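A look at the structure
Read off the chains here:
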Amino acid sequence: MDFRRRRPSSQTLDWVERVAGARVVAWRRMTGGIGSVVHRLTIDHGSYRDVLVLRQYEHADSDMAERFAQAVAAGGAALVRHEAATLRAVHDAGLPAPEPIAADADGRESDGHPAILMTRLPGRLDVTPADPEGWLRQIAAMAVRIHDVQVAAGPFEERIDAAAPVIPASATRPAVWEAAFGILRQQAPEPATCFIHRDFQLFNLLWRRGRLTGVVDWTRSCTGPADFDTGHCRLNLAVMFGADWAERLRLAYEAEAGRAIDPWWDLYAVTAYSDEWRRFIPVQVAGRAPVDTAGMTSRVEDLLEATLGRL
């Protein structure tokens, strides 16, 4: 049976009921994830009901997610413990993050699938903002807020191998990629490090009535360059909407933070793009908006050109 399509197992639901001290009366698979399976659970406490979120790691929806699943298999207990600890720290620091209820890092209680049970944040994914400028300003302000918080975290992990770059097969301007990789082969600038989300992008943000209400998926959070966070978000914006959206986010962040984003770290984040993105971005969008996969690489190349122009 395909884990991605079935309900949580009875063993998993028993574990949830034990740690929540209440009965699970309904569940619904939430869409958009590529590295884990997430269910919304309705919990009956007798006098009232509330909703919790169950995240489990298992089969993947793309090669990237498969590599993530393999990382979970290799060191899943540590990864899940890190996620739970980070959720506790950022929630207690006042960031709009889920509060962890319980974690089953080795999967012993949750049918062999490492699991985290957490509170549900208000809001939902918004990939069709009615007010794009206000939407981008709020994203920028949230990034600055995250980078200002005092949370201890592990070191930054390398995202790409600048010494052995790969140009996407779909590239239409290979010279742009070569120019970007040429810059990345130079010595990386020493950034001022801080706490970063490390997967800060529109698919991990929740909105309600035009207001940014929550940030989810803190699995890879660490201490690192803030400009990687903004670069990764800019890449996702270019992939979905175009380089102009990414540039407007940069300007909004720079205005909010009072400093310029280093183009080296922008290039480092943006060149993580590969043809695989054309497969998993539609999974994350999950039918909420049209996705122009054919023009995706060209939009990323527009962003690379704009970033190179800032050097």
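Quick caveat, the model's predicted, so the values are computed rather than measured.

Attention now goes to the overall build of the chain. When you go through the chain residue by residue, the secondary structure sums to nine helices and nine strands. Computed over C-alpha atoms, the radius of gyration of the chain comes to 20 Å, within 12% of the 19 Å expected from 2.2 N^0.38 for 311 residues, which places it in the range of a compact globule. Expressed along its principal axes, the backbone C-alpha trace of the chain runs to roughly 60 × 40 × 35 Å. A buried classification covers 51% of the 311 residues belonging to the chain.

Attention shifts here to a positive patch on the surface. A cluster of basic side chains, namely R28, R120, R124, R208, R209, R211 and R288, defines a positive patch on the protein surface. Looking at R208, the relative accessible area reads 46%, which means it is partly exposed.

Another aspect to go through is the layout of surface pockets. The method is simple in principle: a probe with the dimensions of a water molecule rolls over the atoms, and the space it marks as empty is what remains. Volume-wise, the second largest pocket comes out at about 210 Å³. Residue lining of the second largest pocket: 16 residues in total, with A192, A226, D227, Y253 and R259 positioned closest to the centre. Of all the elements, helix α3 (residues 132-148) adds the most residues to the lining of the second largest pocket, at three residues. Of the residues belonging to the lining of the second largest pocket, the class tally is 10 nonpolar, one polar and five charged.

With that out of the way, let us pick up the packing of α3 against helix α6 (residues 243-257). Interaxial distance between α3 and α6 falls to 8 Å at its minimum, and their mutual angle equals 50 degrees. The orientation of α3 with respect to α6, classified from their angle, is oblique. Of the two possible hands of crossing, α3 and α6 adopt the one that is right-handed. Every residue of α6 that contacts α3 at P132, E133, W135, L136, R137, I139, A140, A141, A143, V144 and H147 is listed here: W245, R248, L249, A252, Y253, E256 and A257. Of the residues assigned to the contact of α3 with α6, the class counts are 13 nonpolar, one polar and four charged.

The subject of this paragraph is helix α9 (residues 296-308). With 13 residues, α9 extends 19 Å from end C-alpha to end C-alpha; this agrees with the ideal 18 Å at 1.5 Å per step. Residues of α9 that are buried: M296, T297, R299, V300, E301, L303, L304, T307 and L308. Buried residues along α9 sit in contact with α4 (174-184), α5 (226-240), α6, α7 (263-270) and α8 (277-285).

What the five strands build is an open sheet, ordered β1-β2-β3-β5-β4; its pairing is antiparallel. Bordering the open sheet on either side are β1 (23-30) and β4 (100-104), each of which pairs with just one other strand. For this sheet, the mean inter-axis angle between neighbouring strands, taken without regard to orientation, is 20 degrees. Bridge count for β4 against strand β5 (residues 115-119) is four bridges, and the pairing is antiparallel. Residue pairing for β5: A102 is matched across the bridge by L117.

In the structure shown here, the tally under the stated rule is 21 salt bridges. Close ionic contact of R234 with E247 constitutes a salt bridge, the shortest N to O distance being 2.8 Å. One end of the pair, R234, is in helix α5; the other, E247, is in helix α6, and 13 residues separate them in sequence. The class of E247 is buried, set by a relative accessible area of 17%. For R299, the salt bridge is made with D292, and the minimal N-O distance between the two is 2.9 Å. Salt bridges sharing partners connect three or more residues here, namely R234, E247, R250, E254, D266 and R310.

Bringing the nonpolar core into the picture now. One finds I139, W218 and I281 to be the most contacted residues of the largest nonpolar core, which totals 76 residues. In terms of nonpolar packing, the next biggest core, distinct from the first, is built from 12 residues, L13, V16, L54 and A115 among them.

The rules behind the values
- Residues numbered from 1 in each chain as written.
- Predicted model: local features only at pLDDT ≥ 70, side-chain atom pairs only at ≥ 80, totals over all residues.
- Heavy atoms only, no water.
- Helix = DSSP H or I, 4+ residues; strand = E, 2+ residues; numbered from the N terminus.
- Rg over C-alpha atoms; globule rule 2.2 N^0.38 Å.
- Buried < 20%, exposed > 50% of the residue type's maximum accessible area, 1.4 Å probe, protein only.
- Patch = residues over 30% accessible without salt bridge, like charges linked within 9 Å, V, L, I, M, F, W, Y side chains within 5 Å.
- Areas by Shrake-Rupley, 256 points an atom, 1.4 Å probe, with all protein chains shown as cover.
- Salt bridge = Lys/Arg side-chain N within 4 Å of Asp/Glu carboxyl O.
- Lys, Arg positive; Asp, Glu negative; His and termini not counted.
- Charge placed at Lys NZ, Arg CZ, Asp CG, Glu CD.
- 1 Å grid on protein atoms, 1.4 Å probe; cavity = no way out; pocket = protein on both sides within 12 Å on 5 of 7 lines; lining within 4 Å.
- Points joined across faces, edges and corners; volume = space filled by probe spheres on them.
- Nonpolar A, V, L, I, M, F, W, Y, C, P; charged D, E, K, R; others polar.
- Axes fitted to C-alpha atoms, helices over the stretch in contact; angles between N-to-C directions.
- Parallel < 35°, antiparallel > 145°, perpendicular 65-115°, else oblique.
- Left-handed = near helix turned anticlockwise from the far one by under 90°.
- Contact = heavy atoms within 4.5 Å.
- Expected span 1.5 Å × (residues − 1).
- Pairing = 2+ DSSP bridges.
- Core = buried A, V, L, I, M, F, W, Y, C linked by side-chain atoms within 4.5 Å.

Read these as spatial facts, not as claims about activity.
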